[in-house]
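# Chain and residue survey
Residues per chain are reported as follows:
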Amino acid sequence: MSYLEWAESQLAEIELLTSMFPTREELELTDQLALAELRDYVEGSASADTPPPSRPQFLIKQKLDTASMGMTDVILSCAYPSEYPSVMPEITVRCGSLSRAQQTQIHADLNAFLLENCQGEVCVLSAVDWVKDNLQLFISKSLSAAPAPVKESSSPRSEEVFSRLWIYSHHIYNKTKRKNILEWSKELGLTGFSMPGKPGIVCVEGPQSACEEFWSRVKVLTWKKIMIRHREDIPLDRQGEDSRTVESIDSLRKFTGFEEAMFDPHGNRGNHMDLGQLYQFLNEKGCCDVFQIYFGIEGR
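Because the structure is predicted, anything quoted here is derived from the model rather than measured.

## Concerning unusual backbone geometry
- Cis geometry marks the peptide bond from Tyr84 to Pro85, where omega comes out at 15°.
- That bond from Lys198 to Pro199 is cis: its omega, 0°, falls within 30 degrees of zero.
- Checked against the element boundaries, Pro199 lands in the loop between β6 (191-195) and β7 (200-207).

In structure tokens:
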């Protein structure tokens, strides 16, 4: 691409962002001169031999609803290199609900996502969407890293509960979401499986607190439709030592580890699974009854 083509892409994206975020409370152009120089360059008022000397810079301000913190202010600070979109823009994320370490991590993960999915394309809107999908995860990690309040030694121990959640989604295609599901289940010590495609199915099992944490992370991502279709909660006998409780949890598991399961993908996009094979898989795990809960028919 030439400098002129890069500049045309930059101006088109800024005009799109201006139409989507029309107020200064949503989009703030921090260098109006740079925008004017970019426009003159694209429209032919400036020499096409060299790019404008100034780089467009702007702030996108969002109020995002998070499960743990309510409405949270997030600012994406963006600057265009002259060769953008052939090179990545400079984007940083600022959020008062994140620790400094989490600010650094969300910035690194965002850049990795953009490099993998948006190389050579304008990507600021993709960055905004990614932050919306993933901010809750980073806030949850910040909260979990905070010192826990000291409990009174005389307080009664809460009852341990084993849970199994059967989650239904209209579809699961996105590679980042699929990766999150695998990583979060491993991080939280959950077993089960996920089936990508249309529909998407996720089953997680383990301590109730870990299952609820997994669900709190998954549900805040952007989905066409997602819900807990069925859940199983089994109270555990807390008599004896903690090691006996762990053994009881493991004895109730129907899955070993967590895997992404594929069942003969077919269809134009390879996004439909063989439900007969899914039924056989569930039957082998002793979970065939849930097939009718998901699909309203008995499997064979």
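## A look at the packing of helix α5 (residues 175-187) against helix α6 (residues 208-219)
- Contact pair α5 / α6: the axes reach a minimum separation of 10 Å and the direction vectors enclose 160°. By the angle between their axes, α5 is roughly antiparallel relative to α6. Judged by the sense of rotation from one axis to the other, the crossing of α5 with α6 is right-handed. Counting all contacts with α5, which are made through Ile181, Trp184, Ser185 and Glu187, the residues of α6 involved are Phe214, Arg217 and Val218.
- By residue class, the composition of the contact of α5 with α6 is four nonpolar, one polar and two charged.

## Here we look at the packing of aromatic side chains
- With the rule as written, the count across this model stands at 14 aromatic pairs.
- Here the aromatic rings of Tyr3 and Trp6 are separated by 5.2 Å at their centres, their planes lie at 75°, and the arrangement is edge-to-face. One end of the pair, Tyr3, and the other, Trp6, are both in helix α1 (residues 3-20), three residues apart, so they sit about a helical turn from each other.
- Looking at Tyr3, the relative accessible area reads 33%, which means it is partly exposed.
- Ring geometry for Phe58 and Tyr80: centres 5.5 Å apart, planes at 80°, overall edge-to-face. Of this pair, Phe58 sits in strand β2 (residues 57-66) while Tyr80 sits in the loop between β3 (70-79) and β4 (90-95), and the two are 22 residues apart along the sequence.
- Classification of Phe58 by relative accessible area gives buried; the value is 2%.
- An aromatic cluster is present here, built from Trp166, Tyr168, Phe193, Phe255, Phe263, Phe281 and Tyr294 joined pairwise through their rings.
- One Lys or Arg, Lys177, reaches over the ring of Trp223 and ends 4.4 Å from the middle of that ring.
- Over the aromatic face of Tyr168 sits the side chain of Arg229, whose NZ or CZ is 4.6 Å from the ring centroid.

Basis of the calculations
Residues numbered from 1 in each chain as written. Predicted model: local features only at pLDDT ≥ 70, side-chain atom pairs only at ≥ 80, totals over all residues. Heavy atoms only, no water. Helix = DSSP H or I, 4+ residues; strand = E, 2+ residues; numbered from the N terminus. Axes fitted to C-alpha atoms, helices over the stretch in contact; angles between N-to-C directions. Parallel < 35°, antiparallel > 145°, perpendicular 65-115°, else oblique. Left-handed = near helix turned anticlockwise from the far one by under 90°. Contact = heavy atoms within 4.5 Å. Nonpolar A, V, L, I, M, F, W, Y, C, P; charged D, E, K, R; others polar. Phe/Tyr/Trp six-rings, centres within 6.5 Å; stacked < 30°, edge-to-face > 60°. Buried < 20%, exposed > 50% of the residue type's maximum accessible area, 1.4 Å probe, protein only. Lys NZ or Arg CZ within 6 Å of the ring centre and 35° of its normal.

Fair warning: the whole summary comes from geometry, so function is off the table for now.
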